[in-house]
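Take a look at the letters that make up each chain.
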Amino acid sequence: MDTRTETASARTLVLDVPGWPGHLAGQHVDVRLTAADGYTAQRSYSIASPADGDHLELLVQLVPGGEVSPYLVEGFSIGDAVEIRGPIGGWFVWNPATSGEPVLLVGGGSGIAPLMAMVRARRAAASRTPFRLVYSVRAPDQVIYADELVRQSADGLDVTLVHTRLAPPGSTRPAGRIGVEDLGRPTGSAPDCFVCGPTGFVESVADMLVGLGHDPARIRTERFGPSGG
Amino acid sequence: MAPFTPGFLGRDRSADTTLPPGQYLTHDFPVLSAGPTPRIPLDRWEFTVMTEAGVVRRWSWAELLALPSETPTVDLHCVTKWSKLSTDWEGVSLDTLLGDVDTAADYALVRSYGGYTTNLPLEDLLDGKAWIAYRYDGEELPSEHGGPARLLIPHLYLWKSAKWVRGIELLIEDEPGFWESLGYHNYGDPWREQRYQGD
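Since this is a predicted model, take the numbers as computed values, not measurements. (Residues numbered from 1 in each chain as written. Chains lettered and ligands numbered in written order. Predicted model: local features only at pLDDT ≥ 70, side-chain atom pairs only at ≥ 80, totals over all residues. Heavy atoms only, no water.)

1. Here's the deal with the confidence of the model for chain A
Reasoning step 1: Of the residues in chain A, 98% reach a pLDDT of 70 or more, and the chain-wide mean stands at 91.
Reasoning step 2: Least confident of the elements in chain A is helix α1 (residues 69-75) of chain A, whose mean pLDDT is 86; most confident is strand β7 (residues 103-108) of chain A, at 97. (pLDDT = per-residue confidence, 0-100. Helix = DSSP H or I, 4+ residues; strand = E, 2+ residues; numbered from the N terminus.)

As structure tokens, then:
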């Protein structure tokens with residue numbers, strides 16, 4: 001395996017999983033760690049890569065005081081083996097082969113991971129499906145996948161960054177929580193919506209989307225709490 | 001046994017005896033659901049039980065609250081690995097709601113406002129094991145945790161405790177619910193770690 005530092009507190013684990021059966025963009029895996037006395041701890045992590053043979057990328061956000069993420073972010077070494085189970089989850093998924101509807105992705109913090117799998121699956125499939133990503137971060141240095149998102153923008157991905165605490169210099173949008181003006185009403189062909197992030201973020205965004213007239217049946221959510229560590 | 005993970009120590013395990021395998025203790029109350037939180041006005045809320053013969057019983061919100069309630073203190077175990085111990089609820093026992101329903105069914109399919117479903121054997125709803133809960137920790141049940149009322153069935157993983165519950169269908173044949181159709185275990189006993197299909 002290999003790793004990449006994404007931000008000060010987020011790391012990508014690049015895994016080689018022999019015999020991996022493949023997955024849909026949006027699915028997750030269970031990672032299991034085993035201590036020397038046989039004790040095990042498991043956590044779920046979203047897969048950030050599209051299906052690509054035995055290659056898997058997981059995004060791990062450091063949860064201070066957590067049991068598993070500090071180990072994966074700071075203690076794990078290249079070449080170490082880790083137990084993986086999956087893919088898991090068949091609801092929060094986007095499949096370029098079966099879905100032609102426009103897509104609205106709304107991510108908060110490390111909730112970008114399964115959405116990035118969808119963005120990457122779109123590119124891998126050379127899909128022309130209209131994609132819009134609204135990505136909420138605290139500050140400019142918290143943007144995970146920043147360079148890749150810029151590159152994908154040239155490929156028809158519409159990216160809106162929402163800074164909640166600190167906006168970049170010259171930004172026309174002052175720092176503040178995500179609001180209805182960041183999301184937009186469904187126009188023309190209404191999108192399938194995927195919302196992922198911390199509980200409060202997802203709860204608030206899903207409510208706003210319903211309020212804007214999006215069909216609740218076309219809003220799929222994935223949440224993680226502060227105890228996800 | 002799995003290979004050791006080099007350098008992984010894990011948490012202090014001295015107080016772990018009360019947790020099912022693979023679970024960790026949390027003191028907050030995480031929220032997990034597959035879509036937006038439905039908001040149901042109480043004057044339009046109802047809970048129904050439909051038998052395999054198509055006979056329907058209905059309770060309005062006022063009728064539900066008029067039934068004798070219980071105040072179970074139970075442990076919650078979520079398939080996403082967190083457990084929360086000694087949670088306080090108030091609700092109506094399914095024994096009360098199903099007590100005089102005439103049925104030969106062995107299975108139940110629980111339906112929620114918003115379209116969620118989950119299935120379980122009927123016997124798991126009976127004998128003091130399940131409630132329609134409408135108060136949590138001394139307060140009205142918040143909508144993000146399933147209010148106005150949710151099923152509470154603490155001996156199974158929490159996805160079986162359907163939020164925003166609207167009714168139960170009694171069935172002769174088992175019928176998989178939402179997560180049960182998407183790779184999760186059909187029964188979901190946390191003590192046997194029945195998380196996914198094949199466990």
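2. Describing the pattern of salt bridges
Reasoning step 1: As enumerated under the stated definition, the model contains 22 salt bridges over all chains in all.
Reasoning step 2: With a closest N to O distance of 2.8 Å, B:R58 and B:E46 form a salt bridge. You can see B:R58 sitting in strand β3 (residues 56-60) and its partner B:E46 sitting in strand β2 (residues 46-50), a full 12 residues away along the chain.
Reasoning step 3: A cluster of three or more residues bridged by salt bridges with shared partners is formed by A:R4, A:E6, A:E57, A:R120, A:R123 and A:E148. (Salt bridge = Lys/Arg side-chain N within 4 Å of Asp/Glu carboxyl O.)

3. Here we look at the nonpolar core
Reasoning step 1: Formed by 42 residues in total, the largest nonpolar core has its most connected members in B:F47, B:L94, B:L125 and B:I132.
Reasoning step 2: At the level of secondary structure, the elements contributing two or more residues to this core comprise β2, α1 (61-66), α2 (94-98), β6 (107-112), β8 (131-136) and β11 (165-171) of chain B.
Reasoning step 3: Residue contacts for B:I132: discarding those within four places in its chain leaves B:F47, B:L64, B:G91, B:V92, B:L94, B:L97, B:A149, B:R150, B:L151 and B:V165.
Reasoning step 4: Of all hydrophobic cores here, the second largest spans 27 residues; its members include A:A25, A:M116, A:A121 and A:L133. (Core = buried A, V, L, I, M, F, W, Y, C linked by side-chain atoms within 4.5 Å. Buried < 20%, exposed > 50% of the residue type's maximum accessible area, 1.4 Å probe, protein only. Contact = heavy atoms within 4.5 Å.)

4. With respect to the sheet that holds strand β3 (residues 28-34) of chain A
Residues and elements named next belong to chain A.
Reasoning step 1: Strand order in the open sheet formed by three strands is β4-β3-β6, and the pairing between neighbours is antiparallel. Where the open sheet ends on each side, the last strands, each with one partner, are β4 (40-46) and β6 (83-88). In this sheet, adjacent strand axes meet at a mean angle of 20 degrees when their direction is disregarded.
Reasoning step 2: As defined by bridge partners, β3 adjoins β4 across seven bridges and the pair is classed as antiparallel. Opposite V29, over in β4, you have Y45 as the bridge partner. (Pairing = 2+ DSSP bridges. Axes fitted to C-alpha atoms, helices over the stretch in contact; angles between N-to-C directions.)

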